[in-house]
Each structure stands twice: as structure tokens, then as C-alpha cells.
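Coordinates in review
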Amino acid sequence: MAEIAARVLVLGGGPGGYVTAIRAAQLGLDVVLVERGGRDGGLGGTCLNVGCIPSKAIIHAADAYARALEHAGDAPFGLRVGAPTMEFARTVEWKDGIVGRLTGGVGALLKRHKVKIVQGNGEMLDGKTCRVETDTGPQTVRAGHVVLATGSMPASLPALPFGGRVMSSTEALSLQEVPGRLVVIGAGYIGLELGTAFAKLGSKVTVIEAEERILPAYDAELSRPVLRRLQALGVEVLTQARASGLSDAGDAVLVAREGAATRSVPADRVLVATGRRARTAGFGLERLDLTMNGGFVAIDERCATSMLDVWAVGDLTGEPMLAHRAMAQGVAVAEQIAGHRRVFDAATIPAVCFTDPEIVTVGQSPDEARATGREIRTAQFPFQANGRALTLGAEEGFVRVTARSDNHLILGIAAVGAGVSELAAAFGLALEMGARLEDIAGTIHAHPTLGEAFHEASLRTLGEALHI
Amino acid sequence: MGLRIVKLPDVGEGVAEAELVEWHVAVGQSVLEDQILAAVMTDKATVEIPSPVAGTVVALGAEVGGVLAVGAELVRLEVAGESSGEVAATPREAAAPAPKAEKPAAPAVPATPAATTRLPSTALPTTGAPIGPPRPAGEKPIASPAVRRRARDAGVDLRQVRGTGPAGRIGHDDLDAFLRGASAAVSSRARVANTAVETVKIVGLRRRIARKMAESKRRVAHFSYVEEVDVTALEELRARLNAANRPDRARLTLIPFLMQALVRAVADFPEMNALYDDEAETLERHAGVHIGIATQTPAGLMVPVVRHCEARGLWDCAAEVLRLAEAAREGKASRDELTGSTITITSLGPLGGIVTTPVVNRPEVAIIGVNRHAVRPVWQEGRFVPRTMMNLSSSFDHRVIDGYVAARFVQRLKALLESPATIFIEEA
Ligand SMILES: Cc1cc2nc3c(=O)[nH]c(=O)nc-3n(C[C@H](O)[C@H](O)[C@H](O)COP(=O)(O)OP(=O)(O)OC[C@H]3O[C@@H](n4cnc5c(N)ncnc54)[C@H](O)[C@@H]3O)c2cc1C
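About the cut-offs
Residues numbered from 1 in each chain as written. Chains lettered and ligands numbered in written order. Predicted model: local features only at pLDDT ≥ 70, side-chain atom pairs only at ≥ 80, totals over all residues. Heavy atoms only, no water. Helix = DSSP H or I, 4+ residues; strand = E, 2+ residues; numbered from the N terminus. Buried < 20%, exposed > 50% of the residue type's maximum accessible area, 1.4 Å probe, protein only. Contact = heavy atoms within 4.5 Å. Areas by Shrake-Rupley, 256 points an atom, 1.4 Å probe, with all protein chains shown as cover. Core = buried A, V, L, I, M, F, W, Y, C linked by side-chain atoms within 4.5 Å. Near = heavy atom within 4 Å. Polar contact = N/O pair within 3.5 Å; in protein donor to acceptor, adjacent residues only side chain to side chain. Nonpolar A, V, L, I, M, F, W, Y, C, P; charged D, E, K, R; others polar. Pairing = 2+ DSSP bridges. Axes fitted to C-alpha atoms, helices over the stretch in contact; angles between N-to-C directions. Expected span 1.5 Å × (residues − 1).

1. Describing the overall build of chain A
Along its length, chain A carries 14 helices and 24 strands. Each of the 468 residues in chain A was classed as buried or not, and the buried ones make up 53%. Of all intrachain contacts in chain A linking residues separated by at least 6 positions in sequence, the fraction that spans at least 24 positions is 62%. For chain A, the accessible area works out to roughly 19,900 Å², and carbon and sulfur atoms hold 52% of it.

2. Thoughts on the nonpolar core
One finds Met259, Met272 and Phe409 of chain B to be the most contacted residues of the largest nonpolar core, which totals 47 residues. Those elements that place two or more of their residues in this core are β11 (222–230), α6 (254–268), β14 (291–293), α7 (314–329), β18 (343–347), β19 (366–380), β20 (383–397) and α8 (403–418) of chain B. Ranked by residue count, the leading element in this core is α6 of chain B, at 10 residues. Setting aside residues up to four positions removed in sequence, Met259 of chain B forms contacts with Ile291, Ile293, Val306, Cys309, Cys317, Val321 and Ile345 of chain B. Core analysis: the second largest hydrophobic core is formed by 38 residues, Leu175, Leu182, Tyr218 and Leu271 of chain A among them.

3. Quick look at the site of the ligand
All names here are of chain A. Near the ligand, the surroundings consist of 42 residues, among which Gly16, Glu35, Thr46, Lys56 and Gly122 are the closest. The backbone of Gly122 places a nitrogen or oxygen atom 2.8 Å from a nitrogen atom of the ligand. For the ligand, whose accessible area on its own is 990 Å², the fraction buried by protein is 98%. Those elements that provide at least two residues to the shell around the ligand are α1 (15–26), β2 (31–35), α2 (45–50), α3 (52–73), β4 (121–124), α6 (189–201) and α9 (323–337). With 4 residues, α2 is the largest single contributor of residues to the shell around the ligand. Its residues assigned to classes, the shell around the ligand shows 15 nonpolar, 21 polar and 6 charged.

4. Observations regarding unusual backbone geometry
Of the consecutive residues His447 of chain A and Pro448 of chain A, the connecting peptide bond is found in the cis state with omega at -10°. Considering the arrangement of structural elements, one finds Pro448 of chain A in the loop between α13 (437–441) and α14 (452–461). With omega at 5°, the peptide bond leading from Arg362 of chain B into Pro363 of chain B counts as cis. In this fold, Pro363 of chain B is placed in the loop between β18 and β19. Residue Asp34 of chain B is not a glycine yet carries a positive backbone phi of 80°. For Asp34 of chain B, the position within the fold is in the loop between β3 (30–31) and β4 (36–41).

5. Things to note about the sheet that holds β14 of chain B
Residues and elements named next belong to chain B. Overall, mixed pairing links the 6 strands, which are arranged β11-β20-β19-β18-β14-β17 in an open sheet. Of all strands in the sheet, those bounded by a partner on one side alone are β11 and β17 (305–306). Of the strand pairs in this sheet, β19 and β20 are connected by 13 bridges, and their pairing is antiparallel. Residue Val378 lies in a different strand from β20, and its bridge partner there is Val385. Relative to the sheet, α8 contacts β11, β18, β19 and β20, its axis offset from that of β11 by approximately 25°.

6. Considerations on the sheet that holds strand β13 (residues 252–257) of chain A
All names here are of chain A. Taken in spatial order, the 3 strands of this open sheet run β12-β13-β14, and their pairing is antiparallel. Each edge of the open sheet carries a strand with a single partner, namely β12 (241–246) and β14 (263–266). Adjacent strand axes in the sheet meet at a mean angle of 35° when their direction is disregarded. As defined by bridge partners, β13 adjoins β14 across 4 bridges and the pair is classed as antiparallel.

7. Describing helix α4 (residues 88–112) of chain A
All names here are of chain A. Between its first and last C-alpha, α4 extends 36 Å over 25 residues, near the 36 Å set by a 1.5 Å rise per residue. Those residues of α4 lying buried are Phe88, Thr91, Val92, Lys95, Val99, Thr103, Val106, Gly107 and Leu110. Taken together, the buried residues of α4 touch α1, β2, α2, α3, β3 (116–119) and α6. At the C-terminal side of α4, Lys114 shows a positive phi close to 65°.

As C-alpha cells, this is what we get:
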């Protein structure tokens with residue numbers, strides 16, 4: 001059996017894995033990256049192949065189509081378009097093109113950094129050795145350091161196993177046609193992002209959520225504009241509802257609601273988006289006997305597992321399961337292996353929800369800040385009072401700033417509104433640099449931009465808002 | 001039964017991680033509250049971690065030699081009662097600091113002043129006190145990513161650093177100031193003293209020592225040789241001579257005997273009492289035996305030199321060693337008294353250990369290290385007899401001294417020390 005020795009072995013080529021590999025190689029370490037490819041992976045992992053990127057592509061296409069339809073109806077600024085149509089197969093092709101370019105790009109980057117890529121399913125034999133089933137036979141990789149980055153996969157519901165009409169986000173992103181009736185189970189960000197997109201593309205969408213409200217991870221203030229928009233799009237939202245299975249004919253989802261009779265919601269497709277779980281099986285994790293943290297591999301602030309020189313990054317290590325967290329962890333691990341003192345100590349991990357309108361949060365919500373027993377002040381600035389938002393026809397939403405009362409240190413920033421995902425950079429920077437309200441107030445924000453709402457919200461928290 | 005996770009506590013000194021040097025417990029063992037679980041070593045000291053609760057050990061967080069981050073899981077305990085969770089341990093300074101670097105240190109003065117207690121930040125007084133910590137306990141320091149990274153590289157715990165920016169933000173300047181020791185006053189009293197001494201006084205010599213050591217290790221092809229010596233007879237002789245208790249004479253330690261023996265031995269091995277000029281590639285053999293005695297002083301390691309030992313008697317050597325060591329400790333040794341050795345002796349005294357790896361005092365080519373002596377059973381003539389045994393750990397410059405020659409040289413020393421009378425007999 002062929003055997004390769006390397007300083008670093010990275011198992012999994014998603015954002016966590018490939019970034020670890022590139023950074024480690026930059027620091028002069030020889031690196032082997034094992035990626036098995038397949039339906040929901042490949043270089044770039046979930047994120048590039050069946051997650052962030054393809055979903056945003058579909059969302060963008062759906063948006064453009066919905067807007068064209070809007071303009072074909074009543075034209076708020078005088079634009080008239082004919083009857084737009086959508087050739088969805090072309091949309092998916094276009095999306096696949098983007099994915100292809102990006103995954104190819106990752107491959108090129110890895111090559112340029114001289115990372116050795118071994119294609120195939122890897123299985124750890126012990127804390128230093130990995131056996132990879134490649135097309136040309138088994139291959140053993142032995143390394144001083146092992147970085148586990150096998151990511152996550154969609155969690156299924158026992159009552160609604162994947163198959164037939166029941167699909168995960170992976171299949172939803174590769175549908176060849178827009179389903180007539182789509183039932184989305186789970187009103188988290190993945191379910192709502194895709195549900196909204198398909199609603200815009202013409203599906204009759206029903207969302208089923210067990211919790212009291214949609215986007216339970218966000219506070220109600222932030223999720224309310226999203227709910228209003230869903231309703232405007234004709235999406236039926238059933239909260240405090242549980243999908244208990246398919247009807248006998250298999251063409252409807254049975255929904256149990258508290259205090260109501262079980263309903264059956266007709267469905268051509270059912271998207272189960274109730275969460276993701278770490279990919280802990282199939283790569284010999286059991287042989288490493290690592291300390292676990294629930295269903296995730298337990299790591300400390302250095303991303304070290306309970307085994308010396310075995311590291312873990314990304315979704316495998318738990319929430320928040322986000323690509324940028326995985327990448328930042330990957331950098332921290334690579335630098336430590338190269339001998340630097342590092343920890344993963346970000347002040348904040350921004351989270352974006354690409355619903356309509358978009359939501360972005362960094363740091364604490366007012367409630368979370370209060371729960372620490374601290375006195376806080378908080379204020380919102382509505383986009384209704386923002387010139388740029390009006391010119392974009394996007395007055396729904398606001399920016400909210402939360403700060404300490406005593407020294408005005410900003411604890412959290414959130415926004416909901418069209419295009420606010422791009423404000424994540426400014427928000428993140430403010431929190432990471434330890435900005436006070438006065439710092440934001442004292443920064444000249446370009447006019448007219450949505451970012452001015454951040455400026456004004458900070459001013460308002462200080463009681464000095466100019467435009468409201 | 002509940003599970004408790006004991007995490008590696010903040011062991012102070014601004015360290016982010018510590019090396020696990022010893023487990024005091026094993027899986028399956030039950031421990032009492034306050035029982036020592038493990039010893040970890042930071043750059044400066046060994047710290048013992050007592051158990052905050054009683055329980056049974058179910059898992060150990062690392063192997064000896066592993067590096068644990070502060071806050072990482074140290075031990076998992078099964079405890080009485082239902083509740084599970086994490087408990088913080090409080091570190092405890094171990095009795096003896098663990099000397100880490102190899103160094104020819106001398107008559108034992110316990111190691112660096114940095115090993116003095118440094119309180120974990122939670123034990124510090126809260127703000128409002130004239131000398132308080134930079135921020136209330138438990139509050140996260142605010143600093144930009146670049147500052148955090150620099151601090152981490154420098155091994156600085158930002159919790160110790162005062163931030164002068166808005167809302168107490170720590171800037172690059174604050175970190176610079178801290179690294180210069182200027183903000184020592186706000187960290188803790190122990191740190192004040194240490195840092196001040198380091199900057200004002202010690203750095204220069206320390207740096208010199210460090211450079212010299214590194215230089216020696218880098219340029220000299222070191223090898224060490226350890227031999228066991230039976231010093232029973234020597235100890236008896238020494239005790240008898242000391243028993244005379246004459247106030248006009250210094251008390252004898254083993255060192256003056258060794259010095260006398262060295263004088264005899266180098267007569268037969270002149271290449272040992274020599275200086276190697278590696279630029280010119282010449283070996284300078286000296287007829288005069290000028291013995292350097294590695295001495296621990298408050299400022300750091302110094303090597304005062306007893307000149308012309310070949311012309312000195314036992315008591316004379318003893319007196320001169322004493323005089324010079326005192327002068328060095330008080331910082332009064334002259335330049336001349338600190339230079340010009342041709343061969344060096346190093347001893348950690350009672351701390352001497354079993355084996356050391358002395359660093360050759362370049363440009364010399366040999367250094368003799370004295371380890372601790374102890375009474376051990378020795379197999380002699382069909383039975384065990386108690387003998388006072390001691391090791392000599394000696395290092396040589398392999399570029400000019402062959403292993404075979406070094407071994408013979410040490411054998412000669414051994415023979416002299418084992419029959420101390422021969423040291424003093426003219427024709428031995
Ligand atoms: C629909 C959707 C939308 C998302 N949108 C966003 C978003 O907008 N923003 C965001 O930040 N995050 C988003 N995410 C989450 C993001 O995709 C993940 O957080 C991220 O991909 C995690 O990276 P990772 O490296 O930990 O794992 P993954 O990306 O899951 O990569 C793991 C890789 O390891 C490979 N692998 C696994 N086991 C083996 C083995 N034994 N041998 C070889 N290879 C193996 C897999 O093939 C895979 O390629 C989204 C996810 C989904 C599903």
C-alpha cells in the first residue's frame with residue numbers, strides 16, 4: 001500500500017479544511033488534504049457545493065425574477081417590463097457554473113501552495129495515520145498533526161426520511177424545476193432562505209415550525225419584518241406545528257398543531273431543514289476516542305481535541321455552524337502547528353440570514369446583554385428615515401445598536417433590511433476593535449448609504465440622532 | 001452521580017498554556033478536595049493543581065509532556081450528587097521551581113526571582129484601590145485583533161494589561177508599555193518587583209549569560225560524560241577536617257577537594273586545561289590552573305575565578321572560593337576576578353540532581369559538574385554496603401577532546417577522589 005508522510009494531514013476539504021491546508025502550507029509546512037468528493041462535498045465542502053454559494057445564487061436569481069414580476073405589474077418608478085419568465089433549468093446551470101468556478105479556484109489555490117490533495121474517503125486508523133480509499137487503491141497518510149474538518153450533513157426527521165419527495169437542502173439546490181407546492185419543515189435560516197426563493201420562483205410554499213416563531217435563533221424584533229414579507233409573498237407560516245409524517249398517498253405532509261386537528265398540507269416536494277449534524281461517522285472517529293461535546297467533537301479555545309496533535313475545526317465542532325467560523329479556526333490551527341501561540345478568540349462571529357429582508361447580527365442582543373446583569377442602552381434607526389433605503393425601495397427594517405451604559409462600549413449590532421448583509425463587515429470591525437458609541441458617531445459615513453443607519457443608530461443610542 | 005470537569009486554571013504570569021509535567025492521580029483513583037491532581041510547568045515555575053472537589057477520576061485531559069491551554073479540560077471527575085458541570089481549580093506554586101534550561105549553575109541559590117507567587121487575577125483587589133488590576137475580575141479585556149495577536153506572541157495575558165483607550169481599550173502603546181514593564185504597577189505587587197529588577201538590573205547580565213550559553217551551545221560540539229564516584233572516604237576526611245572547627249579556616253565543602261584533584265589530573269591531561277580559539281584553530285594549553293566556579297548570584301549566573309590553583313593548598317582554595325562567591329553575590333567582584341578561567345567546576349549543591357549536562361564555558365574545553373551525593377547500597381565483595389556515592393557530570397568540546405580522552409580524564413579524577421590521600425601525596 002502506498003504511504004505518504006507529511007507534517008499535517010487535513011481530513012475534509014470544506015472551508016475549515018482547505019483554509020487550514022493553505023495557511024499551513026503558507027507557513028512552510030507540508031500538507032496533505034484528503035477530500036472524498038461526492039454529492040454533498042468536494043473541494044470547498046458544503047459551503048461551495050451545496051451550501052452558502054449555491055443557495056445565494058438561487059436566492060439572487062429568484063430575487064431578480066420576483067422584482068421583474070413586480071415591475072411588470074405596478075411600476076413604482078415608471079419602469080415597465082413585459083411578462084418575465086424564468087427558465088429554471090438555466091438558473092441551475094448558471095449556479096453550477098459559479099460553483100464550478102469556485103471549487104476549481106480552491107483546487108488551484110491548494111496546488112499553488114503545494115498542498116498534496118488525496119482524493120478519496122479517509123479513515124483514521126489512529127491519531128497519526130489515515131487510510132484513504134482512492135480510485136487507484138488504498139493509500140496511507142501518516143502525519144505529525146491531524147486536523148479533522150469533516151463538516152456536517154443535513155439532519156433528517158425520523159417521521160420523514162429523505163427520499164422520494166422528501167429532500168434536504170442539498171437536493172433542493174439541484175432541483176431541475178420549481179416545485180408547484182413546497183412544504184418547508186423548519187423555519188431556521190436554511191429553510192427560510194430556500195423557502196423564500198422558491199416562493200419567489202412561483203412555488204406555493206408552506207413553512208412548518210415547531211417553535212413559537214420563525215427564526216427562533218434571532219429575536220422577535222429582527223424576525224418580524226421577515227415574517228411580514230413571507231406573508232406578502234403568500235407563504236403560509238405554521239408555527240407551533242409539527243410535521244408528523246406523509247399522508248398515505250405520500251402527496252401531503254401531516255401537520256399536528258397544538259389545540260387543533262391534524263392537517264394535511266399537500267406537497268410536491270418537502271424540504272426538511274430542521275438542522276444539521278456533525279459528520280462524526282465514517283472516518284474512524286471511534287478509534288480516536290476523543291472527548292465529545294454532545295454530537296460534536298469537543299475542542300478547547302485552541303481548537304485542540306482531547307488527543308495531542310489532533311485538532312478539529314468547523315461544523316464538526318459545533319455551533320455556530322458557519323463557513324467563516326470554520327475558516328478562522330483553520331487559520332488558528334495552522335498557525336499553532338507552525339509554532340505560533342494562537343487561540344480562536346474572536347470577539348464576535350457575525351451571522352447573516354439571507355432571507356428577505358436580510359438579517360445580520362454581531363455580538364449580543366439587548367436581552368443577552370441584559371442577562372449578563374449589565375446596564376445597557378440600545379436604540380434602533382429605521383430605514384424609513386434613511387435616504388438610500390428609500391431610493392432602493394427598501395424601507396423595511398432598521399439597524400440596532402446595543403452598548404454598555406457606563407462606558408458606551410458597543411456590545412452588539414444587528415440589522416434587518418434589504419442588502420444589510422454587506423453591513424456585516426462594518427459591524428464586525430466595530431465590535432472586534434472594541435468601538436464605543438462615540439467611535440461610530442465620530443466616523444463620517446458616506447451619504448447616501450445604508451451604513452448611515454448604523455451611524456444614526458449609534459447617535460440615537462447616545463440620544464443625539466440627527467435624522468429622526 | 002454527576003460529572004465535573006476540572007479545567008486548567010489561570011496559572012498566572014500571563015501564560016496561555018502550560019506543559020503537563022506530572023500526574024499525581026490516575027483514572028479510577030478517588031481524590032479528596034485539595035488533593036494535588038497534577039503539576040504543570042510554565043516558562044517560569046512548576047505549579048500544582050489541587051482538586052477543587054472530591055470525586056473519582058474518570059479521565060485525564062493530557063499526557064505528561066502535553067501542552068494544555070488555560071481553560072482546557074484537565075481532569076474529569078465523577079462526583080456525588082446529580083449535577084454536572086465545570087469547576088475551576090486554583091493553582092498553587094510548587095515548592096521547588098523547576099529549573100528548565102540547562103546551565104552550569106553553582107552553589108544552590110533557588111532559581112529565578114520570577115518564581116515568586118503571582119496571584120491569579122481573581123484574587124486581586126478590585127478597582128478603586130490605588131494599585132488595582134486593570135479591570136474588574138471576569139471582565140474581558142478589549143483590544144483589537146492585532147493587539148491580541150501581539151500579546152499572544154509575547155505570552156502576555158491581556159487581563160494583566162491596563163488599557164488607556166476609550167472604555168479601557170488596550171492599544172499597541174499599552175502593550176508596549178506593559179512589555180517594557182512600565183505598567184507593572186497596575187498588575188500585581190509581585191510583578192512590580194520582578195519586572196523592575198529585570199529591567200533595571202538583571203537584563204544586561206541575563207542577556208549576557210543567555211548569549212554566552214547560546215553561543216557555547218551553538219559553537220561547541222558538546223558531549224557529556226557521567227561517572228559515579230565513591231566519595232565515602234572523601235566525606236570522612238572532610239568531616240574530620242571540619243570537625244577541627246578552626247575559626248581561621250573556611251569550612252570545607254567538596255569543591256576545594258575537587259579543585260585539588262583537578263590540579264593533579266590536568267597535569268596528566270594538559271589539553272583539558274586549555275582554551276580553544278576556534279577562529280585561529282589553535283589550542284592554548286595553560287600551565288596555570290585557573291578554576292572557574294559557577295556561582296548563582298541574585299543577578300544571575302557568574303563564574304568567579306580562583307587563579308593559580310596549582311600554587312594553592314586546600315584551605316587556601318576553600319577560602320578563595322568563599323571570598324569570590326561572596327564578592328560575586330554582592331556585585332563586588334572585579335572584572336579580573338570574573339575572567340581568565342581555564343577550566344570550570346559547576347555544582348548545584350544539595351540540589352545537584354543525579355545527572356546534569358553542564359555547558360562548556362567557552363573558550364574552555366571542559367567543565368566538571370558535581371551532582372548530589374547520597375548514601376546508596378553498593379555491591380561489594382558479595383554483599384551490599386552503604387557507600388556515599390556521587391556522580392560527576394562533565395562536558396567537553398568534542399572538536400578538540402576525544403571521548404576516550406575525556407573518559408580517561410574523568411577516571412583519573414575518580415581515582416583521586418576515591419582515595420583522597422592520593423590527591424595530596426607528592427608522587428601519586
Ligand atoms: C444550504 C446551506 C446554506 C448555508 N449558508 C451559509 C451561509 O450563508 N453562510 C455561512 O457562513 N455558512 C453557511 N452554511 C454553512 C456552511 O456551509 C458550513 O458552516 C461550512 O461549510 C462548514 O465547513 P466545514 O469545513 O466545517 O465542513 P464542510 O463544508 O461540511 O466540509 C466537509 C468536507 O469534508 C469532506 N469529508 C467528510 N468526511 C470525509 C472523509 N472521511 N474523507 C474525506 N473527506 C471527507 C466532505 O466531503 C466535505 O467536503 C450553509 C449551509 C447550508 C447547508
